[in-house]
Structure formats: C-alpha cells, structure tokens
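Fold and geometry: a report
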Amino acid sequence: MMPAEQQQLFRSVQELIENARSSVVKQVNSTMVLTYFQIGRMIVEDEQGGTSYAEYGTNTMFKLSQHLTAVFGRGYSVDNLQYMRLFYMAYRNYETLSRNSENPETNSATLLRNLPTGLNLSWSHYVTLLKIKNDQERKFYELETSRNNWSVRELQRQINTSYYERLALSRDKDGVKKLAEEGQIIERSTDILKSPVILEFLDINEDHRYSENDLETAIINKLEHFMLELGKGFLFEGRQRRISLEGDHFYIDLSFYNRLLKCFVLIDLKIGKLTHQDIGQMQMYVNYYDRKIKQPDENPTIGIILCKEDNKAVVEFTLPLDNEQIFSREYKLYLPSKDELKKQLL
C-alpha cells in the first residue's frame, strides 16, 4: 500500500497538471474567439469598401475560404467565415473587445486579460448563440451559459425547450428586459420555476397509460435533467417522504431544498386535472414541514403541484388571496412550439 506522503504528492502533482491543462485550454479558446472576432471585423470592413454583399458572399468569401483551408486546413469553410462575420456584427459593441481588435500590436496576453466577462465562452457556444435572432434572448442565454457553465449540448437543450420564453411569460415588459441584462434573478418564490415545466426528456409517450408512480420513477431516472428543468438552486432531499398523523400515513412524492430561497420545496405529482383536494393535501404537507421540519432561520416551505391539466379557478377560490406558498404548474410531456410561446408574450 502506498504511504500517505506519496499519495499526497501524487495527488498534488496530478492536480497541478490538470489545472495547467485547463488553463491552456481556456487560453487557446479565448485566443481563438478573439481571432475569429478580428477576422469578422476584417471581412465586414472589406465588404463595406464598396463590394455588394451578394457579390462578396459568392466571390470573395469563397476564395478566402479556399485560401485559408489550403494554408491552415479545416475550420475555414464559407459557413464558418459567415459566422465570424455575424459574430463581429453581433458583438462589436463590446467596447473592450472592439478596442483591442483594432490594435494588432497588442500582445495576446494583454488581449486575454482584457476580454469582457460576457465573452468567455467557446466558439461552439457562440455559433449556437448566433442562431438566435432576438438580441435580448441571445444575451439571456449567453449570461446563463456563463454563470451555469453549460456545455454546448446543455445550451442547445435549454434553447430547444424555450427556457427564455417560459421565464418571460411570468414577467412584465421591464422584467423581460431584465432577463437579457441580468439573467435569471430570483426575487419571488415563483421565479424559481419555468412555466410550464417541460418533461420531454422522460421518454413517456403522450398516449401511454402511465400512473403517477410511473411519472415519479421516470423523473428519478432523469433526476439531473428534472432539476435543471425546475430552475436554479435545487438540491434533492428525498422521494415518498412519509408524514404520520395519528396512525394515518401520507407520502410526499418529491422533496427538494432550494439553497437560494433557503427553504424546502415539496412536489406532488398529479396525472389528471387539478382539484381542490390536491391543493388541500399540499397545504397540509406545507404546514407540517413549516411546523415540524424547517429550522427557525429558514424560509416558509413551498408546495408545488405538477399536474397534467391546470385549473386556475380552483386555485383562486381554494387559496386565500395573500397565500403565495402553493402554486400549481401545468406540466407537458411535449413542447409547445416557440412560435406558440412567443404569441403569449405579445
């Protein structure tokens, strides 16, 4: 068996190498992004020198692609050059990056230090972001990707499931603008959820006769995706949590803790239409946790009912007007289209 001193040495050396590799990858990526920005600037400035865009796209861009591919190999197709052009057009108002790109004498180390915080993603991330035409939506996804360290695949999934549109549905016009400028800021308990919650990753067919237990099992099997779908700050606390009251036993489907809200979040699954009995049951769960489980320095428990069909009238007349502890959310197995969601924002 290896002595403890050797184990510590080996771990330290390994960690040093891993950190060095990570640093090199980040520097290479930042240099690549800045280089592509500069290429985009050069293309735009040359294009504005008198050549029409149509002629430029079919002539100069094609020849530039051929030349760069012959010299440097893959990565300089016409499509990629077009993305570099679009990258510059979309981000040229980032003052630091634009100023640095106009000074070719600036060394690469200085350029890396002066990269704006918002421009620290990979080129593949930016290619994905550039496909979003709405400036506010693109800025929102850029902020969230940087803050949450999303992979390109996760960024694509969030875009495909209309994360921005679903968050925007619960906000006024000023709130939608804040999404683009600040990302997802949680000010109310209801801000933690996207609306509606989309469960497209569960592999349960819409016409399949599934039970609440089937739904719960599918969620547990894809727990990471489900927690990402819920929103920020969720920690899984347990499933089928039992409450015993004078010999009667009740079971809470899913229990989470949200570190941002500093409170428990209880989830009950209903495959039918929401009823007043469902709300009353959840209110009992919430009251129990508030009185028996939560600590004095924690915030009141939140109850969430994920139901196949919402019933806003039942919610309105079952709960007191000032009660914000329970709110139901319709869940969908399959996504509404982006156009359908955008119509709701208008």
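Refer to the structure presented above.
Quick look at the structure, then. As the structure is a prediction and not an experimental result, all values here were calculated from the model.

Moving on, we come to the overall build of the chain. Check the secondary structure of the chain and you find 16 helices and six strands. Per element, the accessible surface of the chain, about 19800 Å² overall, is 50% carbon and sulfur.

This brings us to the environment of Arg147. Locating Arg147 in the fold gives a position in helix H8 (residues 135-148). When the C-alpha atoms of Arg147 and Gly183 are compared, they prove to be 8.9 Å apart, with 36 residues separating the residues in sequence. In this view, Arg147 contacts Glu182, Gly183, Gln184, Ile185 and Lys232; residues no more than four positions away in its chain are not counted.

This part takes up the pairing of strand E3 (residues 248-258). Strand residues, when the strand is regular, have side chains that alternate between the two faces of the sheet. Relative to E3, strand E2 (residues 234-245) runs antiparallel, the two sharing ten bridges. Bridging from a neighbouring strand, Ser244 pairs with His249 of E3. Connecting E2 to the antiparallel partner E3 that follows it, the hairpin turn spans two residues, and Glu246 within it adopts a positive phi of roughly 50°. Pairing of E3 with strand E4 (residues 263-273) involves five bridges; the strand directions are antiparallel. Within the sheet, the bridge partner assigned to Asn258 lies in E4 and is Cys263.

We now examine the packing of helix H4 (residues 78-91) against helix H7 (residues 123-130). In contact at an axis separation of 10 Å, H4 and H7 are set at 75° when each is read in the N-to-C sense. Looking at the two axes, H4 sits roughly perpendicular to H7. Contact residues: Asn80, Tyr83, Met84, Leu86, Phe87, Ala90 and Tyr91 in H4; Trp123, Tyr126, Val127, Leu129 and Leu130 in H7. Across the contact of H4 with H7, the residue classes break down as eleven nonpolar, one polar and no charged.

Here the focus is the packing of aromatic side chains. Using the criterion set out here, one finds 18 aromatic pairs in the structure. Judged by centre distance (5.4 Å) and plane angle (50°), the ring pair of Phe140 and Tyr164 falls under tilted. Taken together, the residues span a long stretch of sequence, with Phe140 in helix H8 and Tyr164 in helix H10 (residues 163-168) at a distance of 24 residues. You can call Phe140 buried: its relative accessible area is 0%. Taking the relative accessible area as the measure of exposure, Tyr164 reaches 5% and is therefore buried. Ring centres of Phe226 and Phe256 lie 6.1 Å apart, and the angle between their planes is 45°; on these two criteria the pair is classed as tilted. Of this pair, Phe226 sits in helix H13 (residues 223-230) while Phe256 sits in strand E3, placing them 30 residues apart in sequence. Judged by relative accessible area, Phe256 falls into the buried class, the value being 0%. Among the aromatic side chains, those forming a connected cluster through ring pairs are Tyr36, Phe37, Phe72, Tyr76, Phe87, Tyr88, Tyr91, Trp123 and Tyr126.

What follows deals with the pattern of salt bridges. Overall, the coordinates contain ten salt bridges when judged by the stated rule. Glu229 is the partner of Arg157 in a salt bridge, and the nearest nitrogen-oxygen pair spans 3.4 Å. One end of the pair, Arg157, is in helix H9 (residues 152-160); the other, Glu229, is in helix H13, and 72 residues separate them in sequence. We classify Arg157 as buried; its relative accessible area is 13%. Glu229 gets classed as buried once you look at its relative accessible area, which sits at 0%. A salt bridge links Glu237 to Arg241; the shortest N-O distance between them is 3.3 Å. Judged by relative accessible area, Arg241 falls into the partly exposed class, the value being 32%. Through salt bridges with shared partners, a single ionic network connects Glu154, Arg157, Arg166 and Glu229.

This part is about the nonpolar core. It is characteristic of soluble globular proteins that their nonpolar side chains tend to be buried jointly. Counting residues in each nonpolar core, the largest one holds 31 residues, and the members touching the most others are Phe87, Tyr126, Leu129 and Tyr141. Of all the secondary-structure elements, those providing two or more residues to this core are helix H1 (4-47), helix H3 (60-72), H4, H7, H8, H9 and H10. Top contributing element to this core by residue count: H1, with six residues.

Let us now look at the side chain of Ser122. Structurally, Ser122 can be placed in the loop between helix H6 (108-113) and H7. Non-local contacts of Ser122, meaning those with residues more than four positions away in its chain, are made with Asn29, Val33 and Val152.

Between its first and last C-alpha atoms helix H14 (residues 276-293) spans 25 Å; for 18 residues at 1.5 Å apiece the expected length is 26 Å, and the two agree. Here H14 has its buried residues at Asp278, Ile279, Met282, Gln283, Tyr285, Val286 and Tyr289. The buried side chains of H14 occupy one side of the element, clustering within an arc of 160° when seen end-on. The exposed set on the far side of H14, more than 90 degrees from its buried face, consists of Arg291 and Lys292.

Where H1 meets H4, the closest approach of the two axes is 7 Å, and the angle between their N-to-C directions is 90°. By the angle between their axes, H1 is roughly perpendicular relative to H4. Residues Val33, Tyr36, Phe37, Ile39, Gly40, Arg41, Ile43, Val44 and Glu47 of H1 touch H4, and the partners they reach there are Leu81, Met84, Arg85, Phe87, Tyr88, Met89 and Tyr91. Looking at side-chain class alone, the contact of H1 with H4 contains twelve nonpolar, one polar and three charged residues.

Calculation criteria
Residues numbered from 1 in each chain as written. Predicted model: local features only at pLDDT ≥ 70, side-chain atom pairs only at ≥ 80, totals over all residues. Heavy atoms only, no water. Helix = DSSP H or I, 4+ residues; strand = E, 2+ residues; numbered from the N terminus. Areas by Shrake-Rupley, 256 points an atom, 1.4 Å probe, with all protein chains shown as cover. Contact = heavy atoms within 4.5 Å. Pairing = 2+ DSSP bridges. Axes fitted to C-alpha atoms, helices over the stretch in contact; angles between N-to-C directions. Parallel < 35°, antiparallel > 145°, perpendicular 65-115°, else oblique. Nonpolar A, V, L, I, M, F, W, Y, C, P; charged D, E, K, R; others polar. Phe/Tyr/Trp six-rings, centres within 6.5 Å; stacked < 30°, edge-to-face > 60°. Buried < 20%, exposed > 50% of the residue type's maximum accessible area, 1.4 Å probe, protein only. Salt bridge = Lys/Arg side-chain N within 4 Å of Asp/Glu carboxyl O. Core = buried A, V, L, I, M, F, W, Y, C linked by side-chain atoms within 4.5 Å. Expected span 1.5 Å × (residues − 1). Arc of directions from axis to C-beta.

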